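Remarks on the overall topology
Listed below are the residues making up each chain.
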Amino acid sequence: MSDGIKTVIYPASDLARAKAVFSAVLGAGPDMDESYYVQFTVGDQAIGLDPHGHKSGAVGILQDT
């Protein structure tokens, strides 16, 4: 039986802006903060930001238009 989704990764072409927005919304800074990936943990849920996600065709809520 599945315990559900544990990690959600959003593509973020502007990693600094996305990190600021998620920090404000979640009320905490990231647990992992690298140039290639940023991760926040809320309870047992991991929320990741991938600055290269758009290159693989992913779309996200903070995508630049």
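All of the points below concern the structure found in this document. (Residues numbered from 1 in each chain as written. Predicted model: local features only at pLDDT ≥ 70, side-chain atom pairs only at ≥ 80, totals over all residues. Heavy atoms only, no water.)

**Some words on helix α1 (residues 15–26)**
Compared with an ideal rise of 1.5 Å per residue, which puts twelve residues at 16 Å, α1 spans 16 Å between its outermost C-alpha atoms and is within 8% of the ideal. Among the residues of α1, those classed as buried are Leu15, Ala18 and Phe22. Each buried residue of α1 lies within a common arc of 65° when the element is viewed along its axis, so the set occupies one face. In this structure, α1 carries Ala16 and Ala24 as exposed residues pointing more than 90 degrees from its buried face. Buried residues along α1 sit against β1 (7–11), β2 (32–34), β3 (37–42) and β4 (45–50). Two residues or fewer after α1 comes glycine 27, characterised by a positive phi angle close to 75°. (Helix = DSSP H or I, 4+ residues; strand = E, 2+ residues; numbered from the N terminus. Expected span 1.5 Å × (residues − 1). Buried < 20%, exposed > 50% of the residue type's maximum accessible area, 1.4 Å probe, protein only. Arc of directions from axis to C-beta. Contact = heavy atoms within 4.5 Å.)

**As for the sheet that holds β3**
Taken in spatial order, the four strands line up as β1-β4-β3-β2 in an open sheet, and their pairing is mixed. Bordering the open sheet on either side are β1 and β2, each of which pairs with just one other strand. When strand polarity is set aside, the average angle formed by the axes of neighbouring strands in this sheet is 15°. With five bridges connecting them, β1 and β4 associate as parallel partners. By the bridge assignment for β4, threonine 7 is matched with alanine 46. This element, α1, spans β1, β2, β3 and β4 of the sheet and lies at about 5° to β3. (Pairing = 2+ DSSP bridges. Axes fitted to C-alpha atoms, helices over the stretch in contact; angles between N-to-C directions.)

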